[in-house]
Amino acid sequence: MSVLIKNGRIITASDDYRADIFIEREQITLIGADLSQVQADTVVDATDKLVIPGGIDVHTHMELPFGGTFASDDFATGTRAAAFGGTTHIIDFAVQYRGQTLRQGLETWHKKAEGKACVDYSFHMIMTEVNPGILSEMDALIEQEGVTSFKLFMAYPGVFYLDDGEIFRVMQRAGENGGLICMHAENGIVIDVLVEQALAAGNTAPKYHALTRPSSMEGEATHRAIRLAELARTPVYIVHLSALEALQAVTEARDLGIPAHAETCPQYLFLSYDNYEEPGFDGAKYVMSPPLRPCHHQAHLWRGLQYNDLQVISTDHCPFCMKEGFQGLPRQKELGLDNFSKIPNGAPGVETRMSLIYDGGVRTGKFSLNRFVELTSTTPARIFGLWPRKGTIAVGSDADLVVFDPEARKTISASTHHMRVDYNPYEGREVQGVPTQVLSRGQLVIDGDQFVGSAGRGSFTKRGCFNYY
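Just so it is clear, the structure is predicted and the values come from calculations on it, not from any experiment.

Novice: Lay out the overall build of the protein chain in plain terms, naming residues and giving numbers.
Specialist: When you go through the protein chain residue by residue, the secondary structure sums to 12 helices and 19 strands. In terms of overall dimensions, the protein chain is globule-like: its C-alpha atoms have a radius of gyration of 21 Å, near the 23 Å expected for 469 residues. Along the first, second and third principal axes, the C-alpha atoms of the protein chain reach 75 × 50 × 40 Å. Across the 469 residues of the protein chain, 62% fall into the buried class.

Okay, structure coming up:
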């Protein structure tokens, strides 16, 4: 099947021009000023619209078991919602639980995604145990499976936590085999003490999730992770950075020439600690880790995006429902009605990222269209070994494309979103800038407000190693 996209304004991380794009056999095969004579099976008119590379969300958790339940989106519902939002590739996190090999963890996630994904996907590997056999498995995952990044946790003792010695051993191995370490940087040992003390004092409301995870402990852990990586002579990527103190650690390292990289997420740019003060149990909607910070952190994060101390905007999409029974799902956020530490950590976001960042970043003049594409598609592809197959518009690249109307407006609401969760953190917020057509490897999957793709069409994509430079 062939597709011709006509009359669009093409935006990449470096380019801004008007041209037509011809697609066949899932790839871009021709770009020209006027391809009206080219015969195509499908023609998409992009007059007065932008044509951008499909969004790449490098931080999602579909159907992740956590806190006695599981993330409410699976690979079918979650990738369908991603497509509606203009994201055409996700990198999800497979988990190696204690007692398992890395391959066993990876196989579990392949089974979760098989026959369900609507757009392409890849995997990171979460490591929860370190021994010589598992370290050697890292090499095989990189060379044979195309899984080239490994997530480690300084938080969640007894679940995901690794101590500094274990982290350092993994980093050393990554320095040898080219793997990239993704770090959840919070001081989980100290946080657990603060949680214990809060509960002992009878402080059980959702807001105490934030009050027991102070920004200073994110900053401390970020600094420590970077220094461990420096000693191991390997790059490090800090996930879901939320706090000024953590950003300062990254900025200082980068100024010294240390290859430290970081992402932030829309929730830390648009929401704040004030949301935890919403009445009743509504603050549970925003229980995530790291938590939302006081408003003054937002301006520093935007500045980090402007000056490239933050290189990526992902979502950490990990939704849990507020009410039991939504679409047949069990009790989730309500598991913590009487104990904030039992509230499953996570919130939805895979569908709203592109419009939120265009509206809050480009439309307000914080950064350019090119930077918008760089943050949401190109740099994620480069860091995580997908570029130039993904993340750009060029002959030979996959035809993962979004026709984006910069003037269209919509109101974000749980009543109209496609994520399988019963609330939206941005409920009632109007945004300007909306995807109108979305193509995944040359197939139209979103046409206006209609899903025209199919579950199972998305394919697993093996990745190369870190390619930012």
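Novice: Kindly report on the packing of aromatic side chains, identifying the contributing residues and their values.
Specialist: Summed over the entire model, instances satisfying the criterion amount to 19 aromatic pairs. Pairing Phe75 with Tyr121 gives two aromatic rings, centres 5.9 Å apart and planes at 55°, and the pair type is tilted. Residue Phe75 is found in helix H1 (residues 75-84), and its partner Tyr121 is found in strand S10 (residues 120-127); the two are separated by 46 residues along the sequence. What makes Phe75 buried here is its relative accessible area of 0%. Against the face of Tyr307 rests Arg303, its NZ or CZ located 4.6 Å from the ring centre.

Novice: Residue-level account of the pairing of strand S14 (residues 260-264), with values.
Specialist: Looking along a regular strand, one sees side chains alternate from face to face of the sheet. Buried residues dominate S14, accounting for 5 of its 5 residues. Here S14 shows no split at all, with Ala260, Ala262 and Thr264 on one side and His261 and Glu263 on the other all buried. Note that strand S13 (residues 236-238) and S14 share 3 bridges and pair parallel. The partner of Val236 across the bridge, within S14, is Ala260.

Novice: Outline the packing of helix H7 (residues 215-232) against helix H8 (residues 244-255), listing residues and values.
Specialist: For any two helices packed against each other, one specifies the crossing angle of their axes together with the interaxial distance. Interhelical geometry of H7 versus H8 gives an angle of 25° and a closest axis separation of 7 Å. One finds that H7 runs roughly parallel with respect to H8. Judged by the twist between their axes, the crossing of H7 over H8 is right-handed. Listed contacts from H8 to Ser215, Ser216, Glu218, Gly219, Thr222, His223, Ile226 and Arg227 of H7 are Glu245, Ala246, Ala249, Val250, Glu252 and Ala253.

Novice: An account of unusual backbone geometry is needed here, citing residue identities and associated values.
Specialist: With an omega of -5°, the peptide bond running from Ser289 to Pro290 counts as cis. In this fold, Pro290 is placed in the loop between helix H9 (266-270) and helix H10 (296-306). Cis geometry is adopted by the peptide bond preceding Pro388, which originates at Trp387 and carries an omega value of 5°. By secondary structure assignment, the location of Pro388 is in the loop between helix H12 (369-383) and strand S16 (401-411). The phi dihedral of Gln327 is positive, around 50°, even though this residue is not glycine. Here Arg441, not a glycine, exhibits a phi torsion of approximately 45°, which is positive. Along the chain, Arg441 falls in the loop between strand S17 (430-440) and strand S18 (443-447).

Novice: Residue-level account of the state of the cysteines, with values.
Specialist: Disulfides are covalent bonds that connect the sulfur atoms of two cysteines. Considering all chains together, one arrives at 0 disulfides under this definition. With no disulfide partner, Cys295 has as its closest neighbouring cysteine sulfur the one in Cys265, 17 Å distant. For Cys465, which is in no disulfide, the shortest distance to another cysteine sulfur is to Cys182 and amounts to 12 Å.

Novice: Talk me through the pattern of salt bridges; I want residue IDs and the actual numbers.
Specialist: According to the stated counting rule, one finds 28 salt bridges in the structure shown. A salt bridge links Arg420 to Asp74; the nearest nitrogen and oxygen atoms lie 4.0 Å apart. Here Arg420, found in the loop between S16 and S17, pairs with Asp74, found in the loop between strand S8 (69-70) and H1; they are 346 residues apart in sequence, far enough to count as distant. Both residues of the pair, Arg420 and Asp74, count as buried. Between Arg441 and Asp120 there is a salt bridge, and its shortest N-O distance comes to 2.8 Å. Of this pair, Arg441 sits in the loop between S17 and S18 while Asp120 sits in strand S10, placing them 321 residues apart in sequence. For the residue pair Arg441 and Asp120, the accessibility class agrees, reading buried in each case. Salt bridges linked by common partners bring Glu26, Asp120, Arg389, Lys390, Asp398, Asp400, Arg441 and Arg457 together as one network.

Novice: An account of the environment of Val159 is needed here, citing residue identities and associated values.
Specialist: With respect to the secondary-structure elements, Val159 resides in the loop between strand S11 (149-153) and helix H4 (164-177). We classify Val159 as partly exposed; its relative accessible area is 44%. For the pair Val159 and Pro266, spaced 107 residues apart in sequence, the C-alpha to C-alpha distance is 26 Å.

The rules behind these values
Per-chain numbering applies: the sequence of each chain, read as written, is numbered from 1 onward. Residue-level local features of this predicted model are given only where pLDDT is at least 70; pairs of side-chain atoms are given and counted only at 80 or more, and the full residue set underlies all totals for whole chains, interfaces and linings. Note that the side-chain values use all heavy atoms of the structure and ignore hydrogens as well as water. Comment: elements are numbered from the N terminus, with helices defined as DSSP H or I runs of at least four residues and strands as E runs of at least two. What the globule rule says is 2.2 Å times the number of residues to the power 0.38, and the radius of gyration is computed from C-alpha atoms. The classification of residues rests on relative accessible area computed with a 1.4 Å probe and restricted to protein chains. Under 20% of the type maximum is buried, over 50% is exposed, and intermediate values are partly exposed. Ring pairs are drawn from Phe, Tyr and Trp, using the six-membered ring of Trp, whenever the two centres fall within 6.5 Å, and their geometry is named by plane angle: stacked under 30 degrees, edge-to-face over 60, tilted for the rest. The criterion is that NZ of a Lys, or CZ of an Arg, lies within 6 Å of the ring centre and within 35 degrees of the ring normal, and then a charge sits over that ring. Should DSSP find at least two bridges between two strands, the strands are regarded as paired. Axis angles are defined between N-to-C directions and span 0 to 180 degrees, where every axis is a line fitted to C-alpha atoms and, for a helix, only to the segment in contact. An angle counts as roughly parallel when it lies under 35 degrees, as roughly antiparallel when it exceeds 145, as roughly perpendicular when it falls between 65 and 115, and as oblique in every other case. Left-handed describes a crossing in which the near helix is turned anticlockwise from the far one by less than a right angle; the clockwise case is right-handed. Should any heavy atoms of two residues lie within 4.5 Å, those residues are counted as being in contact. Cysteine sulfur atoms are paired as a disulfide whenever they come within 2.5 Å of each other. Criterion for a salt bridge: a side-chain nitrogen of Lys or Arg within 4 Å of a carboxyl oxygen of Asp or Glu.

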